[in-house]
Amino acid sequence: MLDHNQLQGTILPTLSACRSLYYLALSYNQLHGSVPPEFSLLTSLKYLHLGVNSVTSTIPPSFGNLSAFVQLDLSENELSGTIPNSLANFSKLKVLDLSENQISGNIPWEIGTKLSNLVILSLWGNQLRGNIPNSLGNCSLLQELFLPINRLSGTVPMELAKLNLLTKLYLHTNQLVSDSSNTLAFLTALTNCSHLQEIDMANNTLIGVLPLSIGQLSSNLYELNLPDNMISGSIPQQIVNLTNLTYLNLGTNLFSGNIPSRINRFHVLEELYLYRNNLEGAIPKYGFSGNVSIQGDVYSYGILIFEMVIRMSPSDDMFVGDMTLQKWVRSAFPNRLAEIVDGRLWRGMNENIEDNKCLISFIHIGLHCSSESPRERHSIRDVGNALESLKVSLMGSATASNLIATISELFENNNPTGTMASDSQSSSF
């Protein structure tokens, strides 16, 4: 194993001479170039880990000759092209990870018909299109299915309900829709998956009402993430039957009616998001045995900070494919801010050390708020505390104070609790 080193250069084709090689780990290095097609001669190879490098080109179709494969990890590279149908020849394959590349085309139907031993399938963060193959329901040993951040369309296959061992289902940030009757029948179907722990369907185009059967989802479910869809109607009281939930996000939908009166029965719930709906009533703040953090639309607030300081929007033409506003900002933080901050603002603040500190702090807050994973975002209380601290420490700067006042006003307008942090706890920023 040679992973987690600083190896550079291309992957040597001469490794194919090692005909008895069964484990090759080169992940987390600085390798580039293509995957040598000569690797198809390594017929004893069971484990190939090339993740987190800069490998380019395409996945060699000749890989289909390697029928002994158990794990194939090509994640976080720069691979393009399509997923070869020949990969379906890996009848012994348990882990297939092609995530965070630039792979396009459809998910081959054959993956579901021939890879019967598959346990983990991770294709997230690519440019895959088309429908999710119904055939994936045949992968009876599948435990983790990661297909988010692609361009997948169509409905969620009802056949996924046959995956009795499934624990994690991540389909967020695609273009998935409800069925022709505008129902969320797939959620009812998933009640057959008794081992489910995490469901993430955020940022799709799902329409309809939550079925009463949502309360019959797996008793092991601890994360249910459905924001940024068009789900309507009331939140069923039955949802409180999911007693092991620690994370529930229904934000940015079309829910209406009262917040379920029994919601304080979520005894282990840690995070609850109901922002940007048409709900009425109070959210119980007591009765939970866990530490509940009822956060507002923290992500949108981070984007608002970027739009104000950088004068750019997530919908601008430069943000296509894998490049997002948040990633662009992170790549320049903190040493290259002059390249991204609005020129007028930069000239006005960079001449003063305190003003520059203020600017860095704001962008830092924006990065925390807009983390891709909701679990990595800071609470609304931490954001409020950070802004209050900045107000106190930078009172001597007129420019910084004006910017703080404007961003604080945005914060209060986007904070559903209607208040800044209510205590004097120190911020974790």
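Predicted, not measured: the structure shown is a model, and the values here were computed from it.

1. Comments concerning the sheet that holds strand β5 (residues 54-56)
Backbone-to-backbone hydrogen bonds pair the strands of a sheet. The strands run either parallel or antiparallel. One open sheet holds the three strands; their spatial order is β1-β3-β5, and the pairing between them is parallel. Looking at which strands have only one partner, the edges of the open sheet turn out to be β1 (8-10) and β5. On average, each strand axis in the sheet is tilted by 10 degrees relative to the strand beside it, whichever way the strands run. For strand β3 (residues 30-34) and β5, the ladder comprises three bridges, and the chain directions are parallel. Residue His32 lies in a different strand from β5, and its bridge partner there is Ser54.

2. Re the environment of Ala161
Relative to the helices and strands, Ala161 is located in the loop between β12 (151-154) and β13 (168-170). Among the residues examined, Ala161 registers a relative accessible area of 10% and is labelled buried. As a C-alpha pair, Ala161 and Thr188 span 27 residues in sequence and 8.9 Å in three-dimensional space. Leaving out residues up to four positions away in the same chain, Ala161 has contacts with Ala189, Leu190, Asn192 and Cys193.

3. As for the sheet that holds strand β22 (residues 278-280)
The parallel open sheet is built from four strands, whose spatial order is β16-β18-β20-β22. Each edge of the open sheet is held by one strand with a lone partner, namely β16 (207-209) and β22. For this sheet the average axis-to-axis angle between neighbouring strands, irrespective of direction, equals 25 degrees. Where strand β20 (residues 254-258) lies against β22, three bridges are found, and the strand directions are parallel. Considered in β22, the bridge of Asn258 is made with Glu280.

4. Points about helix α3 (residues 298-310)
One turn of the α-helix equals 3.6 residues, which is why residues spaced by three or four share an orientation. Between its terminal C-alpha atoms α3 stretches 18 Å, which fits the 18 Å expected from 13 residues at 1.5 Å a residue. Buried residues dominate α3, accounting for ten of its 13 residues. Turning to α3, its buried residues are Val298, Ser300, Tyr301, Gly302, Ile303, Ile305, Phe306, Met308, Val309 and Ile310. At the exit of α3 stands Arg311, carrying a positive phi of roughly 65 degrees.

5. Details of unusual backbone geometry
Even without a glycine there, the phi angle at Glu76 is positive, about 55 degrees. One non-glycine residue, Asp228, lies in the positive phi region at around 60 degrees. Take Asp228: it is sitting in the loop between β17 (223-225) and β18 (230-233). Taking relative accessible area as the criterion, Asp228 reaches 34% and is therefore assigned partly exposed.

The rules we used
Residues numbered from 1 in each chain as written. Predicted model: local features only at pLDDT ≥ 70, side-chain atom pairs only at ≥ 80, totals over all residues. Heavy atoms only, no water. Pairing = 2+ DSSP bridges. Helix = DSSP H or I, 4+ residues; strand = E, 2+ residues; numbered from the N terminus. Axes fitted to C-alpha atoms, helices over the stretch in contact; angles between N-to-C directions. Buried < 20%, exposed > 50% of the residue type's maximum accessible area, 1.4 Å probe, protein only. Contact = heavy atoms within 4.5 Å. Expected span 1.5 Å × (residues − 1).

Shape descriptors only; they carry no functional weight alone.
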